[in-house]
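# Breakdown of the fold
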Amino acid sequence: MILTITMNPSIDISYPLETFKLDTVNRVRNVRKTAGGKGLNVTRILKQLDTEVIASGLIGGFLGEEIKKDLTQNEIAHDFLPISGETRNCIAVLHDGKQTEILENGPVITEQEARAFLQHFEKLAVKAEIISFSGSLPEGLSADFYRQMLQVCQPKPVVLDCSGTALREVLQGSVKPKLIKPNTEELASLLGREISTDLSDLKAALSDLMFDEIEWIVVSMGGDGAFAKHHETFYRVTIPKIDVVNPVGSGDATVAGLTAAIQQGLSDEAVLKQGNVLGMMNAQEATTGYVQLANYQKLYDQILVEKV
């Protein structure tokens, strides 16, 4: 079983517009609302892969109940800790080939709720083969909360997709995740310098002492594919060009693919191909956290994974 964690879930609202006009009315015909947050995007993709998955995290208020209702209707198992605050909305306006996001901060978590969640999480983690942590931490939780969670669930393998201070805190901790998935911008921020797509520069970056004891580092590079390090082996992942419909959630689909492949004990090449093909397939769909599996093999066969 895979356990997914979304500490700051949301109702994700997508507004597709041909043109976005400021300071006036914009009318939207095809509004899409889904249970969101990065971890729930991961969960939906895992469900489509027929993987046994349970979603957890913190949830509260009317919107929290709507998320649970959405998951139940889609036959996705969930076991959230209820909180006193209200779960948030996140809005993506898709316009003129661009994407403008309006993200609410979400609830403020109390110290009592934080302690209760660690206890709740510890019980769930016992049943999991692998765990996925995704997204930001809500206000009220300390910046090292993911690090605390890693302590609680060890020695279970964890796939971590977060950024900023939360990621830095994890990297400074004694218990490491199995895999992290920064993009090039996040990698540059961690190292305090610009990162080019030059192979020698990428190798040097992933060999930094900051990443010691992390088995997998997968750097997403958008249309340029990915660069990865597994133990001491480096890989360049080249992907075909695709028509992008909605890029929201593509990184989460990649995380789902990576997590499921690691759980299954697949080869390095298969892990990287599955992660990247699902990210691409998500980008080809209007609905976030959805893929057309009928297209899986065709795209999978076009991805090139090379040792470098």
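An unreviewed UniProt entry annotates the protein chain as Tagatose-6-phosphate kinase originating from Enterococcus gallinarum. The Catalytic activity (unreviewed entry) comment attached to the protein chain in UniProt states, word for word, "D-tagatofuranose 6-phosphate + ATP = D-tagatofuranose 1,6-bisphosphate + ADP + H(+)". Taken verbatim from the UniProt record of the protein chain, the Pathway (unreviewed entry) comment is "Carbohydrate metabolism; D-tagatose 6-phosphate degradation; D-glyceraldehyde 3-phosphate and glycerone phosphate from D-tagatose 6-phosphate: step 1/2."

A few words on the packing of helix α8 (residues 250–263) against helix α9 (residues 268–283). At a closest axis distance of 7 Å, the pairing of α8 and α9 adopts a crossing angle of 150 degrees. Regarding the angle of α8 to α9, the classification is roughly antiparallel. Regarding α8 and α9, the two cross each other, and that crossing is right-handed. Contact with α8, carried on its side by Ser-250, Ala-253, Thr-254, Gly-257, Leu-258, Ala-260, Ala-261 and Ile-262, involves Ala-270, Val-271, Leu-272, Gln-274, Gly-275, Asn-276, Leu-278, Gly-279, Asn-282 and Ala-283 of α9 and no other residues of that element. Here the contact of α8 with α9 is composed, by residue class, of 10 nonpolar, 8 polar and no charged.

Moving on: the nonpolar core. Of all hydrophobic cores here, the largest spans 49 residues; its most connected members are Met-7, Phe-121, Ile-131, Phe-133, Tyr-146 and Met-149. Here this core takes 6 residues from helix α3 (residues 111–125), the largest share from any one element. Every residue in contact with Tyr-146, bar those within four places of it in the chain, is listed here: Met-7, Phe-133, Ser-134, Gly-135, Ser-136, Leu-137, Leu-160, Cys-162, Ala-166 and Val-170. Formed by 35 residues, the second largest nonpolar core is a distinct cluster that contains Val-159, Leu-278, Ile-303 and Val-305.

What follows covers the sheet that holds strand β7 (residues 88–95). Spatial ordering of the open sheet is given by β3-β2-β7-β8, a layout of 4 strands whose pairing is mixed. The outermost strands of the open sheet, each flanked by one partner alone, are β3 (32–36) and β8 (98–103). Strand-to-strand, the axes of this sheet are offset by a mean angle of 20 degrees, without reference to chain direction. Where helix α2 (residues 61–73) meets the sheet, its contacts fall on β2 (10–17), β3 and β7, and the angle it forms with β2 comes to roughly 80 degrees.

What follows covers the packing of aromatic side chains. Following the criterion strictly, the structure yields 6 aromatic pairs and no others. Aromatic side chains Phe-117 and Phe-121 sit 6.0 Å apart centroid to centroid with 15 degrees between the ring planes, which places their arrangement in the stacked category. With Phe-117 and Phe-121 both in helix α3, this residue pair falls 4 residues apart, about one helical turn. With respect to burial, Phe-117 and Phe-121 carry one shared label: buried. Relative to Phe-145, the ring of Phe-117 lies with its centre 6.4 Å away and its plane at 40 degrees, an arrangement referred to as tilted.

Definitions and limits used
Residues numbered from 1 in each chain as written. Predicted model: local features only at pLDDT ≥ 70, side-chain atom pairs only at ≥ 80, totals over all residues. Heavy atoms only, no water. UniProt positions renumbered as here; feature names shortened; annotations may be inferred. Axes fitted to C-alpha atoms, helices over the stretch in contact; angles between N-to-C directions. Helix = DSSP H or I, 4+ residues; strand = E, 2+ residues; numbered from the N terminus. Parallel < 35°, antiparallel > 145°, perpendicular 65-115°, else oblique. Left-handed = near helix turned anticlockwise from the far one by under 90°. Contact = heavy atoms within 4.5 Å. Nonpolar A, V, L, I, M, F, W, Y, C, P; charged D, E, K, R; others polar. Core = buried A, V, L, I, M, F, W, Y, C linked by side-chain atoms within 4.5 Å. Buried < 20%, exposed > 50% of the residue type's maximum accessible area, 1.4 Å probe, protein only. Pairing = 2+ DSSP bridges. Phe/Tyr/Trp six-rings, centres within 6.5 Å; stacked < 30°, edge-to-face > 60°.

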